[in-house]
Each structure stands twice: as structure tokens, then as C-alpha cells.
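# Summary of structural features
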Amino acid sequence: MKIEKSLPILIAYLIFIAIGLATGLLNIAWTFIQPTFAVSLDSLGTLLSAAMLGGLIAAFLCGSLINRFTIASVLVSGVVIAGLGMLGYAIAPIWIALLLAAFIASIGKGTIDAGINIFVASNYGASQMNWLHACWGIGLTFAPGLVTFLVLDLEAGWQLGYVIMGGVILLLGLSILITLPLWKLKKTKRSSSEEIASKAPLRETLKRPIVWISLLYFFLYGGIEIGTGQLANTLFVEARGIPQETSSAWVSAYWGSFTIGRMLMGLLALRLGDRTLLNISFALTVAGALLLFANVAEFSSFAGLLALGFGLAAQFPILILQTPRRVGAEHASNAIGFQVGCAGLGGAALSGVAGIFAENFAIELISAFIFLGALLSLVIYQLMARWEKREASASLA
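On a predicted model such as this, the values are computed, not experimentally measured, just so you know. (Residues numbered from 1 in each chain as written. Predicted model: local features only at pLDDT ≥ 70, side-chain atom pairs only at ≥ 80, totals over all residues. Heavy atoms only, no water.)

## Observations regarding helix α4 (residues 95-123)
One turn of the α-helix equals 3.6 residues, which is why residues spaced by three or four share an orientation. Defined as follows: Think of it this way: any DSSP run of H or I at least four residues long counts as a helix, any run of E at least two long counts as a strand, and we number them from the N terminus. Expected span of a helix, by definition, is 1.5 Å for each gap between consecutive residues, and there is one gap fewer than residues. Between buried and exposed lies partly exposed: a residue is buried under 20% and exposed over 50% of the maximum accessible area for its type, with that area taken using a 1.4 Å probe on protein chains only.
Taking 1.5 Å of rise per residue, the 29 residues of α4 would be expected to cover 42 Å, and the 42 Å separating its terminal C-alpha atoms lies within 8% of that figure. The element α4 is extensively covered by neighbouring structure, given that 22 of its 29 residues are classed as buried.

Right, dumping it as C-alpha cells:
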């Protein structure tokens, strides 16, 4: 691969590792943030809602911003905003300031997430897309250990993790500036005459039923993926009496299985094909959620987490990569932004709802929400697959 093509994807990998670390800090840090600001467990929903709003604004507008400006300028802006927002977490003196920091950081992270997904879908193939999302998982895998080390071993406070990640993200922004001419959108392999950069207005994209079906799926997917990583620590420590160090290791293992699954996904996709791989993925997701919900033994809950991680790994990258084919290249940029935004919306909204129910009824309800979400996502995926099949048949006819 030529340097002008390999360098941007390498930078994208590093940025996704950093964004994964930054996102994963809250998985464990929330346990310590809660007493810092003297808020209840269901306040997590408020924090995630602030983050959700920022992420939604960024993801939904990313395609339009790229059309008006350039992919490079949008990404640089996103990195700066994300880095400053992460530093805001560390210096927030009161709860409302923390909510503002979460909002700002998520505008930046949402811009980076949608922008890099659009860039990679335009310029690279399935292998690079798989590795990109594996890098995000790498960051998420190490985030719980980083927070645990800083808080329990160094006794430095949860804020230090946000200082470190804010600085790292800002430094990575310089790498985009240095390589600015290399960040351009190209024609997709699936369409020789159309570019992935959106040519369709947002309202036209939203008129397509398949877009709404896919948005519902990504909403549920985000709820399962983010909700599991975000709330598993609370479930294990507060409801099941598992020590914090063990719980941190389990949450890291969840993101580790998620990451390893994405690393292996490219090879499996070549042998099995996208459809078969997705069917296996959904089966693993439902089975893992069931094991977590059943809570037969500690080991079965751990096995459920691993199955969830492996099962979820293939879903997001494959369905993002299929977006130009599914909705049309002229709608792809808008649709990808919407899908990324809805995944964040689902993660915030469903995690918040689960937190409210857990706070007011029983913390064990967290596992019930994850299991129900897994079942519903399977149903929506089947609807989406049938719609695509019907559209393909109509096109051939």
C-alpha cells in the first residue's frame, strides 16, 4: 500500500484507539464520579443524555459539513473539540459543568466517529474497516484497567485519566494537520460513477424506509454494546457482590473479546460471507445476553460477557460498510452519520432507562434490559435483511 494511502489509515487507527480509551473511561470511572458529585445512580442517564445530544448533533450534521468544507477540516475540528471536552471532565467543579464537558466532548467524538467511518468506507475495504473498529475496541479494553490503576494503585483520582486522554487526542490532531492533503474522499468500489460524499439532502435520505429500519437497528445495537460495557460494573459489584478488581477485569475481557472478534472478522468474512457471519454474530449475542441474565453462576455470567463481545463485534462494521449498497451511494454519507448517531443515542437512552429502573426497582434489571435489547435487535436485523432482499429482487425484475 502506498504511503499516501497507508498513512491516513494508520492515523485513523491511532485516533480510534484514543477515542475508545476516552469512551471507556466512564465504564469504571462512574463508580467514583457518582460520590464525587453526590448524585444518584440514575444520574448516569443524565450524563449519557448530555453526551448523546452532542454526539447526535455531530453525527447527523457530519455529512453536510463534509460537503460544505472538507473531510480533513471536519476531522481536525472534531479532534480539537473532543480533546478540550475531555480536559473539561477533569476540571469540572460541579455536576452541571461535568454535563457541559460531556456535551462538548461528545460533539468532538461524534464528529470523529462519523467522519472517519465515512472516510474509510470511501477509500478502503472491509479489512481496513474491521481493523478500524477493532482499534476502538482496543482502547475500550484497556480503559477499565487504566482507571483502576490510577484510582486504586496510584490513588490519583479518576480525573487524571481524562487529563491524559484529552492531551493524547489533541496531539493526534496534529498528525492530521501534518498530513492534511492526504485526507480526501474517493469513489467507492461499489459505485464507479457516484461518490460516497452525500449529494442528497438530509430530507431525501430520511424519506427512504430502509434508512429508518437501519436507524432502529443501530439504536438497539448501541444500547446493547454501550449499555453492557457501561452498566456491567454496577451489576457485578452492587448487585452480585463481585470485587471491584474482578469486575474491572471482566469488563476489560468483554471489550477484549469484542476487539479480538473484530480482528478475526475479516478472515471469517472471506470464508463465510457477510450474511452467514452476521447470523452467527446475532446467535452469539442472544446466547451471551441470556447467560448474563440467567446468572446461574459467576462463570456463566463471565462466559455471557465474552459471547456478547464476540457476537457484537461483526455487526457494526459490516452493516456500516454495506450502507452505500443498502441506501444508495448518494445517501451513504447522510445515512452513515445517522447510523453512528443513533448507535450513540441508543447507548445513552437505553443505558439511562436501565439505570432508572435499576435505581428504583432492582439493579439486576440491567441484565434483563440487555437480553431484551438483544432479542429486539435480531428481529429488526431480519426485517432489514428481508427489505434488502425484496429491493434486490425488484431491481432484477
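Continuing now.
## What to know about the packing of helix α3 (residues 71-91) against α4
Under the convention used in this document: Every axis corresponds to a line fitted to the C-alpha atoms, with the helix fit spanning only the stretch in contact, and the corresponding angles, defined between N-to-C directions, vary from 0 to 180 degrees. By definition in this entry, angles of less than 35 degrees are roughly parallel, angles greater than 145 are roughly antiparallel, angles of 65 to 115 are roughly perpendicular, and the rest are oblique. Here a crossing is taken to be left-handed if its near helix is turned anticlockwise relative to the far helix by less than a right angle, and right-handed if that turn runs clockwise. Residues are grouped as follows: nonpolar covers Ala, Val, Leu, Ile, Met, Phe, Trp, Tyr, Cys and Pro; charged covers Asp, Glu, Lys and Arg; every other residue, Gly included, is treated as polar.
It is the contact of α3 with α4, at a shortest axis distance of 7 Å, that shows an interaxial angle of 150°. By the criterion of interaxial angle, the relationship of α3 to α4 is roughly antiparallel. Crossing of α3 over α4 shows left-handed handedness. Grouping the amino acids of the contact of α3 with α4 by side-chain chemistry returns 17 nonpolar, six polar and one charged.

## A word on the pattern of salt bridges
The criterion, for reference: Salt bridges are counted wherever a side-chain nitrogen of Lys or Arg sits within 4 Å of a carboxyl oxygen of Asp or Glu.
Applying the stated criterion to the full structure yields two salt bridges. Here E204 makes a salt bridge to K207, at a shortest N to O gap of 3.3 Å. For E364, the salt bridge goes to R240, with nearest N and O atoms at 2.7 Å. Separated by 124 residues along the polypeptide, E364 in the loop between α14 (329-360) and α15 (365-396) and R240 in the loop between α8 (209-239) and α9 (244-272) bring together distant segments of the chain. For E364, a relative accessible area of 28% translates into the label partly exposed. When its relative accessible area of 15% is taken as the criterion, R240 is described as buried.

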